[in-house]
Amino acid sequence: MPLSINGVLCTLTLLILWQAEELVEACSCAPVHPQQAFCNTDVVIRAKVVGEKEVDTGNDIYGNPITSIQYDVKQIKMFKGPDQDIEAIFTAPVSAVCGVTLDTSGKKEYLISGKMEAGGKMHVTLCDYITPWESMSPTQKKSLTQRYQMGCDCKIVRCASLPCAISAPEECLWTDLMMEKQVYGRQANHYACVKRTDGSCSWYRGMAPPKKEFLDIEEP
């Protein structure tokens, strides 16, 4: 029995809505502590974005062109990454597929983390830790030079619901969401999870690197 015009239109509408919903939900990222972002990425830089253009990066399996957004950047400092300066970063063209939108006026400084791809290109997504430099706490900025690296063998466990607890001595429990009702609270802004001499990990707060007494002590 042939479908009615209304039936066809209804089916097409449902398909379009389903595809739109899939597109909107395509980019989903779990929150990470800044230290986790530092440890899990290839490159971390402080930079200004000074230009933007759309570039072709190849074709999909159907032969359709794939485009990316190229942001030209002026690197101020590299905290982690290759020997050469990063002059451009690449991202998807829309946020639905995790593309990042940045201010290209050259007036705003960012902390940008991302992955190195084949050919030495730096690629960033909404799941990478990218934030205005001025919004970072003094402790976060200081931790980029040493403290975060000291804790890369540790595991930060996010407390998403109560009860929550660590299951191993090399873990630190991240409770900002439960205790302060925000993802980036005290622990994200002012603490690093560092490894002690006995192999366990613990939260440390302070501008200076942890002293030997803290690293050797059994309890913070």
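In the block above lies the structure referred to throughout.
Residues numbered from 1 in each chain as written. Predicted model: local features only at pLDDT ≥ 70, side-chain atom pairs only at ≥ 80, totals over all residues. Heavy atoms only, no water.

Tallied over the full model, the rule gives five aromatic pairs. Ring geometry for F38 and Y148: centres 6.1 Å apart, planes at 50 degrees, overall tilted. In this pair, F38 sits in helix α2 (residues 34–40) while Y148 sits in helix α4 (residues 147–150), placing the two residues 110 residues apart along the sequence. Here F38 and Y148 have matching classes, each one buried. (Phe/Tyr/Trp six-rings, centres within 6.5 Å; stacked < 30°, edge-to-face > 60°. Helix = DSSP H or I, 4+ residues; strand = E, 2+ residues; numbered from the N terminus. Buried < 20%, exposed > 50% of the residue type's maximum accessible area, 1.4 Å probe, protein only.)

Our focus in this paragraph is the nonpolar core. Core analysis: the largest hydrophobic core is formed by 15 residues, its most contacted members being I45, I86, I89, L102, I112 and M122. Those elements that place two or more of their residues in this core are β1 (43–59), β2 (65–80) and β4 (109–116). Residue contacts for I45: discarding those within four places in its chain leaves Q75, K77, M78, F79, I86, Y110, L111, I112 and M122. Core analysis: the second largest hydrophobic core is formed by 14 residues, F38, L111, W133 and V194 among them. (Core = buried A, V, L, I, M, F, W, Y, C linked by side-chain atoms within 4.5 Å. Contact = heavy atoms within 4.5 Å.)

The subject of this paragraph is the environment of P31. Mapped onto the fold, P31 is located in the loop between α1 (5–24) and α2. Taking the relative accessible area as the measure of exposure, P31 reaches 26% and is therefore partly exposed. The sequence separation of P31 and Y129 amounts to 98 residues, and the corresponding C-alpha distance is 9.3 Å. The residues contacting P31, other than those within four sequence positions of it, are R158, W174 and V183.

With that out of the way, let us pick up the side chain of S202. Relative to the elements of secondary structure, S202 occurs in strand β10 (residues 201–205). At 3.4 Å, the side chain of S202 and the side chain of R196 are in polar contact. (Polar contact = N/O pair within 3.5 Å; in protein donor to acceptor, adjacent residues only side chain to side chain.)

With that out of the way, let us pick up the pattern of salt bridges. Counting across every chain of the model gives three salt bridges. Here R46 and E109 are joined by a salt bridge, their closest N and O atoms 2.6 Å apart. Residue R46 is located in strand β1, and its partner E109 is located in strand β4; the two are separated by 63 residues in the primary sequence. A salt bridge links E180 to R186; its shortest N-O distance comes to 4.0 Å. (Salt bridge = Lys/Arg side-chain N within 4 Å of Asp/Glu carboxyl O.)

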